[in-house]
Amino acid sequence: MRTFVAGQEVHGDIEFAELALGIDVDLFRGPLEFETDGDRAAREDAGRDILADLRADAEAGDEIAGWDALYADALTRTVPFLRSVRGLRAGTGEAA
C-alpha cells in the first residue's frame, strides 16, 4: 500500500510528518550529520522565526498552527541519537 499527501507519495514517517504537518523536522530537531556553528545559528534563527509565526497564528485562532507549534517546539527539545552518542567518551559510557 502506498501513502500520498497532497498528491505526493510518502516514503517514510519523517516525510509523512513533513508533508502532512508542513514542519521540516531537521529545521527544528537539527540534522543527523555535522553542521557548522554558523549553519546551526542560521537554522535556529529560522526555526525561532517560524515558531513565533505559528504561535501568532495559533493565538489568532488557527488551531492547526497551534498543534504545529507544539510539535515544532517539542522537536527543538530533542537530540538526534547519533549526535547524542558523539558526546559519550569512547568505551566508558559516560558523557564527555
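All values reported here derive from a predicted model rather than from experimental measurement.

Chemist: In this structure, what is going on with the overall build of the protein chain? I would like to understand it.
Modeler: On a plain count of helices and strands, the protein chain comes out with five helices and two strands. In the protein chain, the order of α-helices and β-strands from amino to carboxyl end is β-β-α-α-α-α-α. Looking at the protein chain residue by residue over its 96 residues, the buried ones come to 24%. Of the contacts made within the protein chain by residues no fewer than 6 positions apart, 34% connect residues no fewer than 24 positions apart. Total accessible area on the protein chain is roughly 6900 Å²; 56% of this is exposed by carbon and sulfur atoms.

Chemist: What is the right way to look at the side chain of Asp-68 in this model?
Modeler: Among the structural elements, Asp-68 can be located in helix α4 (residues 63-76). Of the buried charged residues, Asp-68 lacks a salt bridge, with Arg-55 as the closest side chain of opposite charge at 12 Å. Among all residues touching Asp-68, those that are not within four sequence positions of it are Leu-21, Ile-23 and Leu-54.

Chemist: What exactly am I supposed to notice about the pattern of salt bridges here?
Modeler: For side chains bearing opposite charge, pairing can occur when the charged atoms are close. Evaluation of the coordinates by the stated rule reveals seven salt bridges. Across the pair Arg-43 and Glu-35 runs a salt bridge whose closest N-O atoms are separated by 2.8 Å. Take Arg-43 and Glu-35: they sit in the same class, and that class is buried. Asp-73 is the salt-bridge partner of Arg-55, the closest N and O atoms lying 3.3 Å from each other. Here the residue Arg-55 occupies a position in helix α3 (residues 37-59), and Asp-73 occupies one in helix α4, the gap between them amounting to 18 residues. Residue classification places Arg-55 among the partly exposed residues on the basis of a relative accessible area of 40%. Asp-73 gets classed as buried once you look at its relative accessible area, which sits at 18%. If you follow the salt bridges from partner to partner, you end up with Glu-35, Asp-37, Arg-40 and Arg-43 in one network.

Chemist: Sorry, what's going on with the nonpolar core here?
Modeler: Inside soluble globular proteins, nonpolar side chains tend to come together where they are buried. If you look at the biggest cluster of nonpolar residues, it comprises 10 residues: Ile-23, Val-25, Leu-27, Phe-28, Leu-51, Leu-54, Ala-65, Ala-69, Ala-72 and Leu-75. The set of elements that each furnish at least two residues to this core consists of α2 (25-29), α3 and α4. Sorting elements by how many residues they give to this core places α4 first, with four residues. Every residue in contact with Val-25, bar those within four places of it in the chain, is listed here: Ile-14, Glu-18, Gly-30, Tyr-71 and Leu-75.

Cut-offs applied
- For every chain, the first residue of its written sequence is number 1, and the numbers climb from 1 along that sequence.
- Side-chain atom pairs in this predicted model are given and counted only at pLDDT of 80 or more, local residue features only at pLDDT of at least 70, and totals for whole chains, interfaces and linings cover all residues.
- Hydrogens and waters are ignored; side-chain quantities use all the structure's heavy atoms.
- Helix numbering and strand numbering both begin at the N terminus, where a helix is a DSSP run of H or I of at least 4 residues and a strand a DSSP run of E of at least 2.
- To sort residues, take the accessible area from a 1.4 Å probe on protein chains only and compare it with the maximum for the residue type: under 20% means buried, over 50% means exposed, and anything in between is partly exposed.
- A contact between two residues is defined here by any heavy atoms of the two lying within 4.5 Å.
- Under the convention used here, a 1.4 Å probe and the Shrake-Rupley method define accessible areas, while residue burial counts only the protein chains that appear.
- Think of it this way: Lys and Arg go in the positive column, Asp and Glu in the negative one, and His and the chain ends go nowhere.
- Salt-bridge detection follows one rule: a side-chain nitrogen of Lys or Arg within 4 Å of a carboxyl oxygen of Asp or Glu.
- What we call a nonpolar core is a set of buried Ala, Val, Leu, Ile, Met, Phe, Trp, Tyr and Cys residues that are connected through their side-chain atoms within 4.5 Å.

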